[in-house]
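Close look at the chain arrangement
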Amino acid sequence: MPRFAYVDGRYVPHAKACVHIEDRGFQFADAVYEVIAIRGGVLMDERGHIDRLVRSLNELKIALPMSIAALQLVMRELVRRNRVHDAALYMQITRGQAPRDFRFGPGLVPTLVMTVRRADFSHAKQLADGLSVMAVRDIRWARPDIKTVMLLPSSLAKMHAIEQGADDAWLVDADGYVTEGSSNNAWIVTGDGEIVTRPADGRILKGVTRNALQHVAKLFQLRIVERPFTIAEAQSAREAFTTSASAFVLPVVSIDGKPVGDGKPGPVARDLRAQYLAYSNGAHGAPIGWTPS
Ligand code: PMP
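First, a word on scope: everything that follows refers to the structure included in this document. (Residues numbered from 1 in each chain as written. Predicted model: local features only at pLDDT ≥ 70, side-chain atom pairs only at ≥ 80, totals over all residues. Heavy atoms only, no water.)

Considering the sheet that holds strand S5 (residues 87-94)
Read across the sheet, six strands follow the order S2-S1-S6-S5-S3-S4 without closing on themselves; strand pairing throughout is antiparallel. The two strands at the open ends of the sheet, each matched to only one other strand, are strand S2 (10-13) and strand S4 (42-43). Pairing analysis gives two bridges linking strand S3 (residues 31-39) to S4, with the strands arranged antiparallel. The residue bridging Ile38 from the neighbouring strand is Leu43, located in S4. In the packing of helix H2 (residues 46-60) onto the sheet, the strands contacted are S3, S4 and S5, and the crossing angle to S3 comes to about 175 degrees. Together, strand S1 (4-7), S2, S3, S4, S5 and strand S6 (111-118) form the strand contacts of helix H3 (residues 68-82), whose direction differs from that of S6 by roughly 35 degrees. (Pairing = 2+ DSSP bridges. Helix = DSSP H or I, 4+ residues; strand = E, 2+ residues; numbered from the N terminus. Contact = heavy atoms within 4.5 Å. Axes fitted to C-alpha atoms, helices over the stretch in contact; angles between N-to-C directions.)

Now the structure itself:
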């Protein structure tokens, strides 16, 4: 089955898809992106991802290359042409193509690239074993709240963690507080059952899955607290977990080699994952099919 990508108005075979070498995305990482999970053919939390895409573009004063309605049509057409049911849809929008110069004019035409990649959302191994994470200093730029393609620090952090035998990195700021995972938001469950995640204080990406989980947790009258936490607090927490659009909710069972709780995936992460998936099955993200206990 050939794979198709969408590049600037055309659906092209994935292997032949390309952008120009003078694209500012390539030369300056002058671009934003989004990742949307497609589960059972449905775009999960589509509205939340589009809202964040528009915010990222606005923060960098990059124009939206087409109307939101047109963007939604292209997403659906790409899913249709690739005949995927479970997949991740990636969308990059750059400021456009121009001779290399730190300055840029107002008239650039943004480049839009969309791809889809099949995914196995059962996450069987990660759910059975849980993730091990390692603390790595957060050396990203000062605007991680914008979802830019400037992912080198996160990529290096993850590689460093993997080289040390862990699965992922949890980034730690200069004050010793966890910001987030290399490509996910970080959470802990305290001994008295509070579900803690860092506030969207400009030092993290405000995850769409994070928002959805907060919504789900409130429906179940769970206590969500937004405050920073350290690696030491996370190591002595009852549970830890991560959230992201493509991994949903995954348990973290060890941090810097220390087991979290009993070192096994915990019930809060498991239940939140199940309820998040139930929520996502609702029309346009409206929660259906389950009632607060
Ligand atoms: N933080 C970072 C740094 C990320 O890359 C991601 C994944 N895009 C997230 C958090 C989670 O965001 P979302 O739930 O919207 O995927």
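Here the narrative resumes, following the displayed structure.
Some words on the site of the ligand
Around the ligand there are 17 residues in total, and Arg52, Lys147, Glu180, Val208 and Thr209 lie nearest to it. Between an oxygen atom of the ligand and a side-chain N or O atom of Thr209, the distance comes to 2.6 Å. Here an oxygen atom of the ligand sits 2.8 Å away from a polar atom, N or O, in the main chain of Ala245. For the ligand, whose free accessible area comes to 390 Å², the fraction covered by protein is 93%. Structurally, the ligand is housed in the largest pocket. Of all elements in the fold, only H2, helix H6 (208-219) and strand S13 (239-244) reach the threshold of two or more residues within the shell around the ligand. For the shell around the ligand, the per-class residue count stands at four nonpolar, nine polar and four charged. The two domains that each donate at least three residues to the shell around the ligand are domain 1 (4-118) and domain 2 (124-280). (Near = heavy atom within 4 Å. Polar contact = N/O pair within 3.5 Å; in protein donor to acceptor, adjacent residues only side chain to side chain. Areas by Shrake-Rupley, 256 points an atom, 1.4 Å probe, with all protein chains shown as cover. 1 Å grid on protein atoms, 1.4 Å probe; cavity = no way out; pocket = protein on both sides within 12 Å on 5 of 7 lines; lining within 4 Å. Sits in = over half its atoms within 2 Å of the grid points. Nonpolar A, V, L, I, M, F, W, Y, C, P; charged D, E, K, R; others polar. Domains from an automatic or database assignment.)

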